[in-house]
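The residues making up each chain are set out below.
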Amino acid sequence: MPSSLPLSTPGVDLEPGKPPILRAGHPDAAESWAAEHRDGVRALVAEHGSVLVRGLPPGDHAETAAVLRRLAAGPMTEREAFAPRQSYSDGVYSSSKWPPHQPMCMHHELSYTLEFPGLILFACRAAPAVGGATALADAPTVLGALPAGLAERFMSQGWLLVRNYNEEIGASLADAFGSDDRDAVESYCRAAAIDFEWQPDGGLRTWQRRSAVVRHPVSGRRCWFNQIAFLNEWTLAPEIREYLVDVYGADGLPFNTRYGDGTPIGEDTVRLLNEVYQAHTVREPWQDGDLMLVDNVRTAHSREPYEGPREVLVAMSDAVRLADCSPTVEVTAR
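Residues numbered from 1 in each chain as written. Predicted model: local features only at pLDDT ≥ 70, side-chain atom pairs only at ≥ 80, totals over all residues. Heavy atoms only, no water.

**Overview of helix α6 (residues 182–191)**
Reasoning step 1: Within the sequence span of α6, burial applies to Val-185, Glu-186 and Cys-189. For α6, the angular spread of the buried residues around the axis is 95°, confining them to a single face. When the buried face of α6 is taken as reference, the exposed residues oriented beyond 90 degrees from it are Asp-183 and Ala-191.
Reasoning step 2: On its buried face, α6 is in contact with α5 (173–177), β11 (195–198) and β12 (204–210).
Reasoning step 3: If you check the start of α6, you find a side-chain oxygen 3.2 Å away from the backbone N of Asp-183, and it comes from Asp-181.
Reasoning step 4: Where α6 terminates, the next one or two residues include Ala-193, which has phi positive at roughly 55°. (Buried < 20%, exposed > 50% of the residue type's maximum accessible area, 1.4 Å probe, protein only. Helix = DSSP H or I, 4+ residues; strand = E, 2+ residues; numbered from the N terminus. Arc of directions from axis to C-beta. Contact = heavy atoms within 4.5 Å. Polar contact = N/O pair within 3.5 Å; in protein donor to acceptor, adjacent residues only side chain to side chain.)

**What to know about the sheet that holds strand β10 (residues 159–165)**
Reasoning step 1: Here we have four strands laid out as an open sheet, ordered β11-β12-β10-β15, and antiparallel in their pairing. The strands lining the two open edges of the sheet, one partner per strand, are β11 and β15 (255–259). Taken pair by pair, the neighbouring strands of this sheet meet at an average axis angle of 15°, ignoring direction.
Reasoning step 2: Here β10 runs beside β12; their pairing, made up of seven bridges, is antiparallel. Following the sheet pairing, Trp-159 is matched in β12 by Arg-210.
Reasoning step 3: In the packing of helix α4 (residues 148–157) onto the sheet, contacts are made with β10, β12 and β15, and the angle to β15 comes to roughly 100°.
Reasoning step 4: Sheet strands touched by α6: β11 and β12. Its angle to β11, the strand with the most contacts, is close to 155°. (Pairing = 2+ DSSP bridges. Axes fitted to C-alpha atoms, helices over the stretch in contact; angles between N-to-C directions.)

**Focus: empty space enclosed by the protein**
Reasoning step 1: Enumeration according to the criterion identifies three cavities of 30 Å³ or more in this entry.
Reasoning step 2: For the largest cavity, the calculated volume is near 140 Å³.
Reasoning step 3: As for the largest cavity, its lining consists of 15 residues, of which Ser-95, Met-104, Phe-122, His-301 and Arg-303 are closest to the centre.
Reasoning step 4: Considering only residue class, the lining of the largest cavity consists of five nonpolar, six polar and four charged. (1 Å grid on protein atoms, 1.4 Å probe; cavity = no way out; pocket = protein on both sides within 12 Å on 5 of 7 lines; lining within 4 Å. Points joined across faces, edges and corners; volume = space filled by probe spheres on them. Nonpolar A, V, L, I, M, F, W, Y, C, P; charged D, E, K, R; others polar.)

**Notes on a negative patch on the surface**
Reasoning step 1: Where like charges cluster on the molecular surface, the negative patch consists of Glu-167, Glu-168, Asp-180, Asp-181, Asp-183 and Asp-201.
Reasoning step 2: If you trace the backbone, Asp-183 turns up in helix α6.
Reasoning step 3: According to the relative accessible area criterion, Asp-183 is exposed, its value standing at 55%. (Patch = residues over 30% accessible without salt bridge, like charges linked within 9 Å, V, L, I, M, F, W, Y side chains within 5 Å. Areas by Shrake-Rupley, 256 points an atom, 1.4 Å probe, with all protein chains shown as cover. Salt bridge = Lys/Arg side-chain N within 4 Å of Asp/Glu carboxyl O. Lys, Arg positive; Asp, Glu negative; His and termini not counted. Charge placed at Lys NZ, Arg CZ, Asp CG, Glu CD.)

**Considering unusual backbone geometry**
Reasoning step 1: Unlike most non-glycine residues, Leu-110 shows phi in positive territory, near 55°.
Reasoning step 2: Along the chain, the position of Leu-110 falls in the loop between β6 (104–107) and β7 (115–126).

**Describing the nonpolar core**
Reasoning step 1: Formed by 56 residues in total, the largest nonpolar core has its most connected members in Phe-82, Phe-116, Phe-122, Phe-154, Trp-224 and Ile-228.
Reasoning step 2: Here Phe-154 is in contact with Trp-159, Ala-212, Trp-224, Ile-228, Tyr-259, Ile-265 and Thr-328, once residues within four sequence places are set aside.
Reasoning step 3: With 25 residues, the next largest nonpolar core counts Val-45, Val-92, Leu-119 and Leu-291 among its residues. (Core = buried A, V, L, I, M, F, W, Y, C linked by side-chain atoms within 4.5 Å.)

**Considerations on the sheet that holds strand β1 (residues 12–13)**
Reasoning step 1: Pairing within the open sheet is mixed, and its eight strands lie in the order β1-β2-β3-β17-β7-β20-β5-β4. At either margin of the open sheet sits one strand with a lone partner, and together these are β1 and β4 (87–89).
Reasoning step 2: The sheet contact formed by β4 and strand β5 (residues 92–94) spans two bridges and is antiparallel. Residue pairing for β5: Ser-89 is matched across the bridge by Val-92.
Reasoning step 3: Relative to strand β3 (residues 50–54), helix α1 (residues 30–48) is tilted by about 145°, and along the sheet it contacts β1, β2 (21–23), β3, β7, β17 (291–295) and β20 (311–321).

**Concerning the side chain of Glu-80**
Reasoning step 1: In this structure, Glu-80 sits in the loop between α2 (61–71) and β4.
Reasoning step 2: Summary of buried charges: Glu-80 has no salt-bridge partner, and the nearest side chain of opposite charge, Arg-210, is 5.2 Å away.

**Regarding the packing of aromatic side chains**
Reasoning step 1: Scanning the entire structure with this criterion turns up 10 aromatic pairs.
Reasoning step 2: Measuring from ring centre to ring centre gives 4.9 Å for Phe-154 and Tyr-259, while their planes differ by 25°; the resulting arrangement is stacked. Here Tyr-259 lies in strand β15 and Phe-154 lies in helix α4, a separation of 105 residues in the sequence.
Reasoning step 3: Under the relative-accessibility criterion, Phe-154 is labelled buried at 0%.
Reasoning step 4: By relative accessible area, Tyr-259 is classed as buried at 5%. (Phe/Tyr/Trp six-rings, centres within 6.5 Å; stacked < 30°, edge-to-face > 60°.)

**A closer look at the layout of surface pockets**
Reasoning step 1: Approximately 650 Å³ is the volume found for the largest pocket.
Reasoning step 2: In terms of lining residues, the largest pocket is bounded by 32 residues, among which Trp-98, Gln-102, Pro-103, Phe-230 and Leu-236 are the most central.
Reasoning step 3: At the level of elements, β6, α7 (238–248), α8 (267–279) and β18 (299–303) are the ones that each hand at least two residues to the lining of the largest pocket.
Reasoning step 4: Classifying every residue of the lining of the largest pocket gives 20 nonpolar, eight polar and four charged.
Reasoning step 5: Reported here for the second largest pocket is a volume of approximately 330 Å³.
Reasoning step 6: The wall of the second largest pocket is formed by 15 residues, among which Ala-46, Gly-118, His-216, Val-218 and Asp-295 lie closest to the centre.

The structure is reproduced here in structure tokens:
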């Protein structure tokens, strides 16, 4: 029978500024440990929003994927990716390809889709020499720390994600939609409440309005759940933003976010959002063999800049429908 791993179990460290850390005790095989302790580990995630498991032996890609599948409940195939990934097996991917010196700011995975993972699983095969932590922030706490007027505006209007797909930068149509066939892409967009427009050069521009605040499907707590700051132009490094605007124009960025009514979001607002996240961030540097499970609705995650080789595999599971999370705006295409 799987271990229950009650919260009083010795080896679960609850320290300020860090996620809960469970000491696995250096077992011989990570997959058998994961199978035995699956229910207990998931119970810790339900209680705290995340847990880092330390002390497991690192394995190759196949072994690591097997561990992740043991802990997951129904792997998900990623759709609408914002950056390319390598697929290792059903539902197990590399981290998104992103420049090591650029941070991936706080976000909730696939929060712009109609069905998103309730659980994100990370497995560290190779920890970087410097930096590279997958940091976390509690979404209800972040929501409570935002200025009331700003939170109310996003609750009433939602947020708008604008994307431009081309062959030169960012995720391709195949990366995002699983196909570059026009009919297939259009069918996906209609089903997913995404407005779209083909450009004269063959590229695609899309718009999708989503709720910025949802209720957790189990606890019912309101969560700041979106990628407003991360996918906004003002989170980009200034030199990168200037280059992209110069090459593609202000409306041609690979992705950008707006208020739900289409109004641009100012640089000061994006800075404020990132500062609130930073004030409530917890982190623990990766070690080889570490696993981390994250409640994707309750807990935002980021990837900090790093030096040296870094390999972290990712799995997404426990699908959740936006419609089951009390969205504050209606989701419809034009």
